[in-house]
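# Close look at the chain arrangement
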Amino acid sequence: MTIRKILTIPDPLLRKKSLSVEKVDKEIRNLMDDMISTMYDAPGIGLAAVQIGVPKRVVVMDLSKNPDRKKPMYFINPEIIWKSNVNSSYEEGCLSIPNQFAKVERPDKCHIKYLDYEGNEKKLEAEGLLSTCIQHEIDHLNGVLFIDYLSKLKKDMIIKKVSKDKKELERVVV
Ligand code: NI
């Protein structure tokens, strides 16, 4: 398991639509292992493969927020098959948009289908934080970021801030 570099905005790859996984094999499982280590290291509660530069429809999540009781979840080709009309809002953040948070409204409940770590077909009925998180991650697979739900003004402000922080950081590193 390798901790990989997480891409941050405005990296253009984050806007790319990820491709479906044809076969759940060793390569995909290695990718998921790297993703989960990278996510725990960050730390974060969800990560899409494209965020480490691999535009494939793979997501990992762990909402337990407890390093001693890890509950890793793996989703391959996740697809929303139903969502509720009722919305809920959470203060969202994203490992690709460091240190920025904003309230985003999304359907409170959703049902998804996906393939698990072994490649078996699964369904999941999600609500609350789980529902929000899986929708946020599926958005990544379609090149969509949480800032896309904000006003243009707020979105531009966040992009500017993150780009500026990134440049400053690079200056220190170099
Ligand atoms: Ni994210």
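To keep things clear, this report deals only with the structure shown in the data block. This structure is a prediction, so every number in the text was calculated from the model and none was measured.

## Focus on the environment of Ser18
Tracing the chain through its elements places Ser18 in the segment before helix H1 (26-41). In this structure Ser18 comes out as buried when scored by relative accessible area, which is 4%. Sequence separation between Ser18 and Leu150 is 132 residues; the distance between their C-alpha atoms is 23 Å. In contact with Ser18, other than residues within four places in its own chain, are Val50, Pro55, Lys56, Arg57 and Leu141.

## A word on the pairing of strand S4 (residues 87-94)
Each regular strand displays side chains that alternate between the two surfaces of the sheet. Note: S4 against strand S5 (residues 97-107), 7 bridges, orientation antiparallel. In the strand pairing of S5, Ser89 is matched with Glu105. Connecting S4 to the antiparallel partner S5 that follows it, the hairpin turn spans 2 residues.

## As for H1
Compared with the 22 Å implied by 1.5 Å per residue over 16 residues, the 22 Å span of H1 between its first and last C-alpha is a close match. Taken together, the buried positions of H1 are occupied by Ile28, Leu31, Met32, Asp33, Asp34, Met35, Ile36, Ser37, Thr38 and Met39. Taken together, the buried residues of H1 touch strand S1 (46-48), strand S2 (58-61) and strand S3 (73-83).

## Some thoughts on the nonpolar core
Counting residues in hydrophobic clusters, the biggest one holds 18 residues, and the most contacted among them are Leu31, Met35, Leu47, Ile52, Val58, Val60 and Ile76. Breaking this core down by element, the ones donating at least two residues are H1, S2 and S3. Among the elements that make up this core, the one with the highest residue count is H1 (6 residues). Ignoring any residue separated from it by four or fewer positions in sequence, one finds Val58 in contact with Val21, Leu31, Met32, Met35, Leu47, Ala48, Ala49, Phe75 and Leu141.

## A word on the sheet that holds S1
Here 5 strands make up an open sheet; going across it, the order is S1-S2-S3-S6-S7 and the pairing antiparallel. At either margin of the open sheet sits one strand with a lone partner, and together these are S1 and strand S7 (121-127). With strand direction ignored, the average angle separating the axes of adjacent strands in the sheet is 40°. Judged from the 7 bridges that link them, strand S6 (residues 109-115) and S7 form a sheet pairing that is antiparallel. Bridge pairing in S7 places His111 opposite Glu125. Strand contacts of H1: S1, S2 and S3, with the helix running at about 40° to S2, the strand carrying the most contacts.

## Focus: the pairing of S2
Because side chains alternate across S2, one face comprises the buried residues Val58 and Val60, and the other comprises Val59 and Met61, equally buried. Two elements, S2 and S3, share 4 bridges in a ladder whose sense is antiparallel. Counterpart to Val58 in the pairing with S3 is Ile76.

## Some words on the packing of aromatic side chains
The full count for this structure, using the stated rule, is 2 aromatic pairs. On the numbers, 4.7 Å between centres and 65° between planes, the contact of Phe75 with Tyr114 is edge-to-face. Note that Phe75 is positioned in strand S3 and Tyr114 in strand S6, a separation of 39 residues in sequence. Each member of the pair, Phe75 together with Tyr114, is buried. When the ring centre of Tyr40 is taken as reference, the NZ or CZ atom of Lys70 above it lies at 4.4 Å.

## What to know about the coordination of the nickel ion
Angles at a metal have ideal values that depend on geometry: 109.5 degrees with four tetrahedral donors, 90 or 180 degrees with six octahedral donors. With distances of 2.1 to 2.3 Å, the protein atoms coordinating the nickel ion are Cys94 (SG), His136 (NE2) and His140 (NE2). When the donor residues of the nickel ion are listed from N- to C-terminus, their spacing reads C-x41-H-x3-H. You can see His136 and its partner His140 sitting in helix H2 (residues 128-141), 4 residues apart, about one turn around the helix. Residue His136 is classed as buried on the basis of its relative accessible area of 7%. When its relative accessible area of 1% is taken as the criterion, His140 is described as buried.

What counts and what doesn't
- Residues numbered from 1 in each chain as written.
- Predicted model: local features only at pLDDT ≥ 70, side-chain atom pairs only at ≥ 80, totals over all residues.
- Heavy atoms only, no water.
- Helix = DSSP H or I, 4+ residues; strand = E, 2+ residues; numbered from the N terminus.
- Buried < 20%, exposed > 50% of the residue type's maximum accessible area, 1.4 Å probe, protein only.
- Contact = heavy atoms within 4.5 Å.
- Pairing = 2+ DSSP bridges.
- Expected span 1.5 Å × (residues − 1).
- Core = buried A, V, L, I, M, F, W, Y, C linked by side-chain atoms within 4.5 Å.
- Axes fitted to C-alpha atoms, helices over the stretch in contact; angles between N-to-C directions.
- Phe/Tyr/Trp six-rings, centres within 6.5 Å; stacked < 30°, edge-to-face > 60°.
- Lys NZ or Arg CZ within 6 Å of the ring centre and 35° of its normal.
- Donors = N, O, S within 2.8 Å, 3.2 Å for Na, K, Ca; no water.

As far as function goes, none of this settles anything; it's purely spatial.
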